[in-house]
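Chain residues, written in single-letter form:
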Amino acid sequence: GSSHRDRESEEMTQQEQKRRRKAERKRQKRRAKIPLVTIHGIKGSVLVDAKDNIVWLTGAQAAGLSTPDLSLPKKWKNGVQSYDGIRPKHTLKAVTVIPYLVGASLYEEWLQRSQTLGCPSYEFCYDWRRSNCESVIKFASYLRWISAKYNGVKVQVIAHSMGGNIAFAALNLYPELFHSLMCCGTPFRGGPAFFPDMHIGMATGRNWDILTPSVISFFPSMHSISHLFGEHDDATYSGCVDKDMKPIPIDWHNINDWKKYKAGLFANSEPLSEADEAAFECCLNDAKKFRSLLKYRADVNYPPLFIFGSNTAPTPKYVMKDGPKSIRGWDFDTCPKHPGDGRVPFSHILPSDQLSYEVFLTEYQHDVLLSDPRIPGLLQKLVDQVADTNQSIYNPYHSRL
């Protein structure tokens with residue numbers, strides 16, 4: 001009777017629980033074999049000088065009590081910018097004084113959580129001021145080192161903001177290193193988010209004297225946020241409009257357009273020296289070279305790709321030339337805002353339509369996207385997807401690095 005049916009139901013429940021426990025152990029075992037690497041976004045690493053003194057970022061600097069010189073050398077040779085002795089030490093985890101004012105991504109919560117996932121977890125840090133072309137090569141070398149450490153297993157990568165651009169460029173060059181890639185708030189389609197920083201500067205907490213236009217404008221990485229001219233579906237899109245909201249087709253990698261529209265340093269009454277113009281143009285050329293690395297390649301066998309971002313915060317997508325709230329000819333407030341994460345419009349985090357990828361939405365804003373507690377589950381989903389294809393080992397003899 002009913003007791004017999006109850007016993008059968010209980011046995012089925014126990015069998016189902018046993019099956020689920022076995023499946024979970026299998027998933028955990030699979031997860032344990034795949035190393036995970038986190039790569040931060042712009043401003044996301046601690047920088048130190050030759051004496052190991054922190055030049056970015058301390059609470060005193062964010063409070064305006066100290067102002068380090070982050071200027072990069074303006075000398076270039078054979079396409080390489082000179083070095084200044086500053087180097088990245090580790091990913092920026094937290095700033096103890098007024099962290100809510102810092103305006104830099106703080107990765108402590110995510111990095112702590114990443115250590116509890118049951119897999120080898122690493123972080124790659126880079127000098128976010130310098131050429132992203134340099135960072136791509138260094139990142140690929142790092143992935144190769146991690147892979148070799150685990151007997152040639154491909155590496156899973158989670159990338160934030162500009163780190164996603166670097167990771168994707170590395171993927172285009174060395175796909176054999178990648179198990180899967182998750183990009184969070186990555187400006188695949190560029191946009192004008194960088195331009196206000198180069199025109200009026202970037203606040204670091206209460207400190208406006210660290211990242212001034214005269215400093216930021218010679219960071220090649222900043223110019224690499226801008227898309228290539230004509231790259232968008234609307235070839236006239238540059239992120240800039242006139243007072244009638246008509247597009248202004250500016251090529252952000254052409255110094256003549258910077259001059260023509262009096263943008264950034266070219267809005268100053270004092271003209272740049274020939275040496276500074278030459279250095280500025282080298283930054284533009286380097287950034288243009290990097291952006292070309294982000295193009296879809298038909299010859300690449302792309303691994304699973306997840307796109308993670310927000311459409312809940314009003315986000316700038318356009319800036320206006322000679323608008324009613326102009327600062328030296330450019331208005332950053334009048335244009336309507338678009339859905340995004342507060343820094344990057346949602347439509348700009350989507351890579352090429354020729355790629356296959358899944359999109360996941362969050363309410364978290366740009367600087368804290370990696371704090372969303374759902375991320376570990378999404379990374380596990382990527383592991384499970386790759387396991388179904390049995391593509392977890394790469395052949396180091398086929399590498400191109």
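Scroll up for the structure.
Residues numbered from 1 in each chain as written. Predicted model: local features only at pLDDT ≥ 70, side-chain atom pairs only at ≥ 80, totals over all residues. Heavy atoms only, no water.

Observations concerning the overall build of the protein chain
- If you tally the helices and strands in the protein chain, you get eleven helices and 18 strands.
- Relative to its full complement of 401 residues, the protein chain shows a buried share of 53%.
- Relative to all contacts within the protein chain whose residues are 6 or more apart in sequence, the contacts with residues 24 or more apart total 76%.
- Only carbon and sulfur atoms are counted for the fraction: they give 51% of the accessible area of the protein chain, which is about 18,600 Å². (Helix = DSSP H or I, 4+ residues; strand = E, 2+ residues; numbered from the N terminus. Buried < 20%, exposed > 50% of the residue type's maximum accessible area, 1.4 Å probe, protein only. Contact = heavy atoms within 4.5 Å. Areas by Shrake-Rupley, 256 points an atom, 1.4 Å probe, with all protein chains shown as cover.)

Observations regarding empty space enclosed by the protein
- If you walk through the whole model with that rule in mind, you get one cavity of 30 Å³ or more.
- Of the volumes computed, that of the largest cavity is approximately 30 Å³.
- Around the largest cavity, the lining residues are P187, G190, G191, P192, A193, I225, R343, V344 and P345.
- Across the lining of the largest cavity, the residue classes break down as six nonpolar, two polar and one charged. (1 Å grid on protein atoms, 1.4 Å probe; cavity = no way out; pocket = protein on both sides within 12 Å on 5 of 7 lines; lining within 4 Å. Points joined across faces, edges and corners; volume = space filled by probe spheres on them. Nonpolar A, V, L, I, M, F, W, Y, C, P; charged D, E, K, R; others polar.)

Here we look at the packing of helix α4 (residues 132-149) against helix α10 (residues 274-292)
- Two numbers describe how α4 lies on α10: the axes approach to 8 Å, and their chain directions differ by 45 degrees. Classed by the angle they form, the pair α4 and α10 counts as oblique. Where α4 abuts α10, its residues N132, C133 and V136 lie against D286, K289 and F290.
- Classifying every residue of the contact of α4 with α10 gives three nonpolar, one polar and two charged. (Axes fitted to C-alpha atoms, helices over the stretch in contact; angles between N-to-C directions. Parallel < 35°, antiparallel > 145°, perpendicular 65-115°, else oblique.)

Here we look at the sheet that holds strand β18 (residues 358-361)
- Spatial ordering of the open sheet is given by β7-β1-β8-β9-β13-β18, a layout of six strands whose pairing is parallel. Two strands in the sheet have a free side with no partner beyond their single neighbour: β7 (121-124) and β18. Strand-to-strand twist in this sheet, taken as the mean axis angle between neighbours without regard to direction, amounts to 20 degrees.
- Where strand β1 (residues 36-39) meets strand β8 (residues 155-160), four bridges bridge the pair, whose relative direction is parallel. By the bridge assignment for β8, T38 is matched with I158. (Pairing = 2+ DSSP bridges.)

Thoughts on the pairing of strand β11 (residues 207-211)
- In this sheet, β11 lies alongside strand β10 (residues 202-204) in antiparallel orientation, the contact comprising two bridges. Looking at β11, one finds that M202 is bridged to L211.
- Between the end of β10 and the start of β11, which pair antiparallel, lie two residues, with G205 showing a positive phi angle near 65 degrees.

Looking at the nonpolar core
- By size, the foremost hydrophobic cluster in this structure holds 81 residues, and its most contacted members are L70, W128, F139, V157 and W258.
- Not counting residues within four places of it along the chain, the set of residues in contact with W258 comprises F194, F195, M198, H223, W252, A263, G264, F266, F280 and L284.
- In this structure, L117, I158, F306 and L379 belong to the second largest nonpolar core, which totals 18 residues. (Core = buried A, V, L, I, M, F, W, Y, C linked by side-chain atoms within 4.5 Å.)

Re the environment of K243
- Within the element layout of this structure, K243 appears in the loop between β12 (240-241) and α9 (255-260).
- Here K243 falls in the exposed class, since its relative accessible area comes to 57%.
- Through-space distance from the C-alpha of K243 to that of D322 is 6.7 Å; in sequence the pair is 79 residues apart.
- The residues touching K243, leaving out its near neighbours within four places in the chain, are M320, K321, D322 and G323.

Considerations on the packing of α4 against helix α5 (residues 162-173)
- Between α4 and α5, the shortest axis-to-axis distance is 9 Å and the interhelical angle comes to 60 degrees. Our pair here, α4 against α5, has a crossing hand that is right-handed. Along its contact with α4, which presents N132, S135, V136 and F139, the element α5 presents M162, I166, A167, A169, A170 and L173.
- Looking at side-chain class alone, the contact of α4 with α5 contains eight nonpolar, two polar and no charged residues. (Left-handed = near helix turned anticlockwise from the far one by under 90°.)

Quick notes on α4
- With 18 residues, α4 ought to run about 26 Å at 1.5 Å a step, and its terminal C-alpha atoms sit 25 Å apart, in line with that.
- For α4, the complete set of buried residues consists of N132, C133, E134, S135, V136, F139, A140, Y142, L143, R144, I146 and S147.
- Between a side-chain oxygen at the N-terminus of α4 and the backbone nitrogen of C133 the separation is 3.0 Å; the capping residue is S131.
- Positive backbone phi, at 60 degrees, marks N151, one or two positions downstream of α4. (Expected span 1.5 Å × (residues − 1). Polar contact = N/O pair within 3.5 Å; in protein donor to acceptor, adjacent residues only side chain to side chain.)

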